[in-house]
Amino acid sequence: SRSPGGEKPYIISGSDDRTVKIWDYQTKQCIQTLTGHTNNVSYALFHPALPIILTGSEDGTVRIWHGSTYRLEATLSYFLERVWSISVLKGSNTAALGYDEGTVVIKLGSEEPVASMHSGKIIWAKGNEIQTANLKLLDEGVAAREGEKVPLSVKDMGAAEVFPQYIAHHPNGRLFAVCGDGEFVIYTAQALRNKSYGPALEFVWAHSGAYATRDSNGKITVFQDFKESFSFKPQFNVEEIFGGRLLGIRGGDFICFYDWTEYRLVRRIDVVPKDVIWSEDGTNVVLICPDSFYVLRHDKEAVQASLVSGVAVDEDGIEAAFDLQNEISDKVISGLWVGDCFVYISHAQRLTCLVAGSQETLAHLDRVQYLLGYMPEQSKLYLIDKELNVTPFTLHMALIEYQSAIMRKDFPTAETFFAQLPESLHNRIARFLENQGYQAEALQISKDDEHRFELATQLGKLQMAADIIVSISAQANPAMPPRGKWKNLGDVALEQGDFTLAKRCFSEAKDLGALFLLYTSVGDAEGVLNTGKLAEESNIGNIAVLCYLLLGETKRALQVLVNANRLPEAAFFARTYCPSELSRVVQIWTEDLAKVNQAVAESLADPAKYPDLFQDYDLTLAAEKVFEAKRKNPPVASAYATEKEFLEMDVIDEMKKLGPDGFQSMLLKGPLAERPAAVPEPVKPVAPAPVAPVAPVAPVAPVQPVHVPPVAVDPIPESQPTLDLLTPEPAPVPAQSAPETVVESSSPELLVPDAAAPPESAGEPPAPEQSGGGTADLVDHL
């Protein structure tokens, strides 16, 4: 394998003497011999992009060596016997290792680009080469569209003295630092001139321009003006250091923040962050952990006051130094602060903005990208991918300032920034205001009808919400009306007692269950009838049957059952409520059942052919006519207290006692039949002996109304109630004939209503029945 890039005339070889040799093929000299394998070396190569050498051996190990220092960096063993082949995927950090027993694919290092941006100037590393580009020098008229690659003019600055694993600008942008291969170098940003260098495994900048390094022994050295200020070695194992307003040093299960001016602990926090990102003014900091991140507010004045007071600080530092603002359960790949707004890219490749704990997705990314920087004059965020393509996304600075002012409750300032925002951002602002509890203001700003409907409903502005739904309906597909919104608004209107609006909403939503509840609650007979018709048209049989049954429209309820092919239920319903239709329903049931089983169909009894099997069938027909006559003149609502006694009446028993005419007279009179005074009054004149022969004549006057239609004697009030809730009692089914008529049906279910069972006697008959019976006896006597 040859050295990549052609900079050095080197080739590499592996041999059975268990060594790896690097040769200069021009001078034919051995430059370096790598030892460590314990068996024949079967494969060796230079990595084409990274400064490493990969070697494999029959000892079952793969060793990774530094490409410049030839130091052994890692030894990999997967216990798959001998290694025979190593291959690297071009353009990535992926390598494949071939063994006797299988293949292993590994990822070397990180694919995150080594890049930094300051004030539109970008510096990145491409291998050892340092390149730069300036976003301010884009050709006029060339504006990249949102999320598309920016056409940059890239300039080569030269090769770095170390292989860059870290690049970061000085806070003033005139310098930048490169760290790698155990060393750091500080260069000028205009030209690649060495400003300072030294040994370091890690390098971080402070907000003031100071910097700190960590060496292989864990010693931390702080530099001010490129001169060593102080150094220290913490009492714990140092895993990583972080720059910013304070110097962060991460241990095994915590992070400690120190002052940059001297070795002084500010605060210890028991989390293990993989990155620490400070805001520009140092008042906010984010600790990014593997599965979540924490937003903290740093109180610089409290820290300074504690230091001036000279109060002893314990091992946890100054408690008032940090205050937890938010804990967000999201994996962060990269992030940065824009004012008081934290912008980050999540593991799900969403570009998200966090302001005061409120998250808003700015964009969904189509590939893995990393935040590079922000240019306030362009209101643009810039992202970079592993191929060093730079893409912009819009984030208005005025929007950030507006949101920050709202959080501070500085409303006059917020109004100033709001005037600078384009109308296209009003919906985002409305969502933000809603999250902060300003629903009324959000309703005024929002241009989204869906959002405005939610806000109007929350604020109780129901009529406005209804108007918004009408607006949405005008713009929506006529085949998909917004019935869900009508339903939601109707529920709210019903809760607030706005029945007129509730009726309108439920009608628009075709919510028949809600309409049935509403109309039956207020006693709106016309509304119940319309609901029944609508339910019948919509094939919602249960609601249609209930509506018609409550209205006394038994034949219409029966027809609903027949149309739904629920013929067994229809037959029992007809036997109970409308026996005049029983013969027709049985014929339909017989025809339907014959399609499945002719023998069973023939076992069904038709009352027209076998009247002897239907006990008291003639009485049920007569009772049906009586109840039909009563429905034409339903009782007023004020008579409910007495009319309800009819609900406990055994209809067939009363028909037998009073006869059809007497039963009709009693039922139509209702509470008037309870007047027994008309019978005993004629008895009083019987006491005088001389008038005894006239005694039979005295009762004639009160008896005559019995032969006259009851309506003429005691007319029913003309006022009609809104809803007749009285339903006829079930007619009895002959107990002896039942076994002969029970059959199977082709209908999918045979549900016999409880009303089909013959009612039992309810004890003593009510007062109206006794009065009617006494009158009949008196007529017979006369």
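Residues numbered from 1 in each chain as written. Predicted model: local features only at pLDDT ≥ 70, side-chain atom pairs only at ≥ 80, totals over all residues. Heavy atoms only, no water.

Asker: Where do I start with the overall build of the protein chain in this structure?
Answerer: Check the secondary structure of the protein chain and you find 23 helices and 37 strands. For the protein chain, the proportion of its 782 residues judged to be buried stands at 45%. Contacts spanning at least 24 positions in sequence make up 45% of the contacts within the protein chain whose residues lie at least 6 apart. Of the roughly 39800 Å² that the protein chain leaves accessible, carbon and sulfur atoms contribute 50%. (Helix = DSSP H or I, 4+ residues; strand = E, 2+ residues; numbered from the N terminus. Buried < 20%, exposed > 50% of the residue type's maximum accessible area, 1.4 Å probe, protein only. Contact = heavy atoms within 4.5 Å. Areas by Shrake-Rupley, 256 points an atom, 1.4 Å probe, with all protein chains shown as cover.)

Asker: Help me understand a negative patch on the surface in this model?
Answerer: Among the surface-exposed residues, Asp314, Glu315, Asp316 and Glu319 lie close enough to one another that they form a single negatively charged patch. Inspection of the secondary structure puts glutamate 315 in the loop between helix 1 (300-309) and strand 30 (322-328). On the basis of relative accessible area, glutamate 315 is assigned to the exposed category, the value being 65%. (Patch = residues over 30% accessible without salt bridge, like charges linked within 9 Å, V, L, I, M, F, W, Y side chains within 5 Å. Salt bridge = Lys/Arg side-chain N within 4 Å of Asp/Glu carboxyl O. Lys, Arg positive; Asp, Glu negative; His and termini not counted. Charge placed at Lys NZ, Arg CZ, Asp CG, Glu CD.)

Asker: Just to check I follow, could you spell out the sheet that holds strand 8 (residues 83-88) for this structure?
Answerer: Hydrogen bonds between backbone atoms are what pair the strands of a sheet, whose relative direction is either parallel or antiparallel. With antiparallel pairing, the 3 strands of this open sheet are ordered in space as 8-9-10. Taken across any chain shown, the strands that pair with only one partner, and hence form the sheet edges, are strand 8 and strand 10 (103-107). Each neighbouring strand pair of the sheet contributes to a mean axis angle of 20°, computed without reference to strand direction. (Pairing = 2+ DSSP bridges. Axes fitted to C-alpha atoms, helices over the stretch in contact; angles between N-to-C directions.)

Asker: Quick question: what am I supposed to make of the packing of aromatic side chains here?
Answerer: Counted according to the given criterion, the structure contains 28 aromatic pairs. Where phenylalanine 230 meets phenylalanine 232, the ring centres are 6.1 Å apart and the plane angle is 20°; that geometry is what we call stacked. For the residue pair phenylalanine 230 and phenylalanine 232, the accessibility class agrees, reading buried in each case. Taken together, a centroid distance of 5.8 Å and an interplanar angle of 45° make the contact between tyrosine 402 and phenylalanine 418 tilted. In this pair, tyrosine 402 sits in helix 2 (residues 397-407) while phenylalanine 418 sits in helix 3 (residues 411-418), placing the two residues 16 residues apart along the sequence. On the basis of relative accessibility, which here comes to 5%, the residue tyrosine 402 falls in the buried class. Through a chain of ring-to-ring contacts, three or more aromatic side chains come together here, namely Tyr166, Phe184, Phe203, Trp205, Tyr211, Phe223 and Phe226. Here the guanidinium or amino end of lysine 195 rests over the ring plane of phenylalanine 226, the centre of that ring lying 5.4 Å away. The side chain of arginine 268 reaches across the aromatic face of phenylalanine 254, ending 4.0 Å from its centre. (Phe/Tyr/Trp six-rings, centres within 6.5 Å; stacked < 30°, edge-to-face > 60°. Lys NZ or Arg CZ within 6 Å of the ring centre and 35° of its normal.)

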